[in-house]
Amino acid sequence: MRPGHRLERLIQISRAIGSIHDERELMLAIMRHLTTAFSSERSTLYLHDPVRGELWTRVAQGLEHWPSELRIPQDAGLSGRVFQTQEPMCIADTLESSCFSRRLAEQTGYVPRSMLIVPVMRTGSQCIGVIQLLDRRVGYFREDDVPLLEAVAVQVGIALENARLHEAQKRQFNSFVKALSTALDARDPLTALHSANVANYAMGIGEMLCLPPADVEWLKIAGLLHDVGKIGVPEAVLTKAGRLTPQEFAEMKQHAEYSRNILSQIEFTESLKDMAVIAAAHHEKLDGSGYPDGLAGEAIPLKARILAVADIYDALTQTRHYRIGMPMHEALVVIDGMTPGQLDATCVRALKAFLGIR
Ligand SMILES: [Fe+2]
Ligand SMILES: [Fe+2]
């Protein structure tokens, strides 16, 4: 391939890195571009598994028939050597290389003649894997191919690091949300699973409505956090065994407003924006009789209507201080009585579908 074409391929790789967010998809795209740019027969991205002391194939173009990922010892063959030394290798003829493991290559049913292998580094000089290209369609790999592949390996290292950080951030955020909702639910043993249940029903309704996965994930977080404002409601009101007085009920209703205040102080990512306003609207009713703002009809966002149905269903079926939990069918009769006046009929249908009821 002419140098100009290679440059084009490199630019395509840079574009892919900027536009593809799924790590697996991104690595596939990069390796596809590399195979074409270097006119190679096959290409492999090996990543290091420090726990097992192995290199495993994150992407193996030409090995698609392989039942699962291929794993090799971290010091085996040419790839193992590049991983250990962190020095690239350009082999015109594998038969003349003392490090080449024919036995390893034969495992895959493909014995290459020419190979180009470079390390993939993480910032801080830690080697996290290698990229190997196998066999040129015409001729063999040459030393002047190395710098170009090294340039791509740098980008791969950065992309993998970004994906790792993104995952770590996501895990950290999810554990924070879980800890917050567990702390909230722990205030009252009788409602211990309320947040988790609402998250579960809301996700189920979202799936039945064929919402995109990102929205279903949104509903999970919202379900876990919707009642976070109950932290501001006095324990005596929260756990009162009998009916609430009008004054106590007014205090209980305040939790929606408190939820909005608390959640608005969390810096949510773009995909979770509006969490504070919508999650706090889970007690709004279509006829305008709900709280905190008395919104009506279309003014109540779909996600808030979903949360409302999930919240009421769990509240009815769980035992509370003032009554025992209803069986599913009885709770659905109550919900039907509130539909379509107060609850969204489509969301109620979706809940029933999720519960396996026609
Ligand atoms: Fe609530
Ligand atoms: Fe709730």
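Residues numbered from 1 in each chain as written. Chains lettered and ligands numbered in written order. Predicted model: local features only at pLDDT ≥ 70, side-chain atom pairs only at ≥ 80, totals over all residues. Heavy atoms only, no water.

A. Representation of the coordination of the iron ion (ligand 2) within the structure. At this site the iron ion (ligand 2) is bound by His194 (NE2), His226 (NE2), Asp227 (OD) and Asp311 (OD), with donor distances of 2.0 to 2.3 Å. Given four donor atoms and angles of 86 to 177 degrees at the metal, the environment of the iron ion (ligand 2) is assigned as irregular. Summarised as a motif, the one-chain spacing of the donors to the iron ion (ligand 2) is H-x31-H-D-x83-D. In this structure, the iron ion (ligand 2) lies 3.4 Å away from the iron ion (ligand 1), the two metals sharing Asp227 as a donor. For Asp227, a relative accessible area of 3% corresponds to the buried category. (Donors = N, O, S within 2.8 Å, 3.2 Å for Na, K, Ca; no water. Tetrahedral: all angles 85-135°; square planar, octahedral: opposite > 155°, others 65-115°. Buried < 20%, exposed > 50% of the residue type's maximum accessible area, 1.4 Å probe, protein only.)

B. Focus on the coordination of the iron ion (ligand 1). Each protein donor to the iron ion (ligand 1) is listed here as Asp227 (OD), His255 (NE2), His282 (NE2) and His283 (NE2); together their distances run 2.1 to 2.2 Å. Around the iron ion (ligand 1) sit four donor atoms, and with donor-metal-donor angles ranging over 86 to 172 degrees the site reads as irregular. Sequence positions of the donors to the iron ion (ligand 1) reduce to the motif D-x27-H-x26-H-H.

C. Representation of the packing of helix H6 (residues 194-208) against helix H13 (residues 345-355). Taken N-terminus to C-terminus, the directions of H6 and H13 make an angle of 105 degrees; their axes are 8 Å apart at the nearest point. In terms of orientation, H6 lies roughly perpendicular with respect to H13. Note on element contacts: H13 touches H6 through Cys347, Ala350, Leu351, Ala353, Phe354 and Leu355, opposite Asn200, Tyr201, Gly204, Ile205 and Met208. Looking at the contact of H6 with H13, its residues break down into nine nonpolar, two polar and no charged. (Axes fitted to C-alpha atoms, helices over the stretch in contact; angles between N-to-C directions. Helix = DSSP H or I, 4+ residues; strand = E, 2+ residues; numbered from the N terminus. Parallel < 35°, antiparallel > 145°, perpendicular 65-115°, else oblique. Contact = heavy atoms within 4.5 Å. Nonpolar A, V, L, I, M, F, W, Y, C, P; charged D, E, K, R; others polar.)

D. Fine view of the packing of aromatic side chains. Counted by the stated rule, this structure contains three aromatic pairs. Aromatic pair Phe173 and Phe176: ring centres 6.4 Å apart, planes at 45 degrees, arrangement tilted. Of the two residues, Phe173 and Phe176 both sit in helix H5 (residues 146-185), three residues apart, roughly one turn of that helix. A residue is classified by how much of its surface remains accessible, and Phe173, at 22% relative accessible area, is partly exposed. When the ring of Phe173 is compared with that of Phe268, the centres are 6.0 Å apart and the planes differ by 85 degrees; the resulting orientation is edge-to-face. Here Phe173, found in helix H5, pairs with Phe268, found in the loop between helix H9 (246-263) and helix H10 (275-279); they are 95 residues apart in sequence, far enough to count as distant. (Phe/Tyr/Trp six-rings, centres within 6.5 Å; stacked < 30°, edge-to-face > 60°.)

E. Representation of the state of the cysteines in the model. The tally for this structure, following the rule as stated, stands at zero disulfides. Left without a disulfide partner, Cys347 is nearest to the cysteine sulfur of Cys210, which lies 13 Å away. (Disulfide = S-S within 2.5 Å.)

F. Examining the packing of H6 against helix H7 (residues 213-225) more closely. Interaxial distance between H6 and H7 falls to 7 Å at its minimum, and their mutual angle equals 155 degrees. Relative to H7, H6 is oriented roughly antiparallel. The hand of the H6/H7 crossing is right-handed. Taken together, the residues of H7 that come into contact with H6 (itself represented by Ser195, Ala196, Val198, Ala199, Ala202, Met203, Gly206 and Glu207) are Val216, Leu219, Lys220, Gly223 and Leu224. (Left-handed = near helix turned anticlockwise from the far one by under 90°.)

G. Representation of the environment of Arg103. Mapped onto the elements of the fold, Arg103 is located in helix H4 (residues 102-107). Through-space distance from the C-alpha of Arg103 to that of Asn197 is 54 Å; in sequence the pair is 94 residues apart.

H. Inspection of helix H2 (residues 23-37) at higher detail. Here H2 is 15 residues long and its end C-alpha atoms lie 21 Å apart, about the 21 Å a rise of 1.5 Å per residue gives. Three or more residues of H2 are buried, namely Glu23, Leu26, Met27, Ala29, Ile30, Met31, His33, Leu34, Thr35 and Ala37. Of the residues one or two after H2, Ser39 is the one with positive phi, at around 50 degrees. (Expected span 1.5 Å × (residues − 1).)

I. Representation of the pairing of strand E6 (residues 126-136). Most of E6 sits inside the fold, with 10 of its 11 residues counted as buried. Strand direction decides the pairing type here: strand E1 (residues 40-49) and E6, joined by seven bridges, are antiparallel. Bridging from a neighbouring strand, Tyr46 pairs with Val130 of E6. Taken together, the eight bridges between strand E5 (residues 115-122) and E6 define a ladder with antiparallel strand orientation. Across the sheet, the residue bridging to Val120 is Gly129, located in E6. Once E5 ends, the chain turns through three residues before running back antiparallel as E6, passing Gly124 with a positive phi of about 100 degrees. (Pairing = 2+ DSSP bridges.)

J. Representation of the nonpolar core in the model. Core analysis: the biggest nonpolar cluster contains 46 residues, and Leu263, Met275 and Ile335 have the highest contact counts within it. Listed by contribution, the elements that provide at least two residues to this core are H6, H7, H10, helix H11 (302-317), helix H12 (328-337) and H13. At nine residues, the largest contribution of residues to this core is made by H11. (Core = buried A, V, L, I, M, F, W, Y, C linked by side-chain atoms within 4.5 Å.)

K. Up close: the domain arrangement of the protein chain. Considered domain by domain, the protein chain is made up of domain 1 (3-165) and domain 2 (186-355). Once you take the C-alpha centre of each, domain 1 and domain 2 turn out to be 50 Å apart. (Domains from an automatic or database assignment.)

L. Inspection of unusual backbone geometry at higher detail. The step from Tyr291 to Pro292 runs through a cis peptide bond, and the omega angle for that step is 15 degrees. Tracing the sequence through the fold places Pro292 in the loop between H10 and H11. Residues Thr339 and Pro340 are joined by a peptide bond in cis, for which omega reads 5 degrees. Following the sequence through the fold, Pro340 ends up in the loop between H12 and H13. Despite not being glycine, Asp274 shows a phi value in the positive range, around 75 degrees. Note on placement: Asp274 falls in the loop between H9 and H10.

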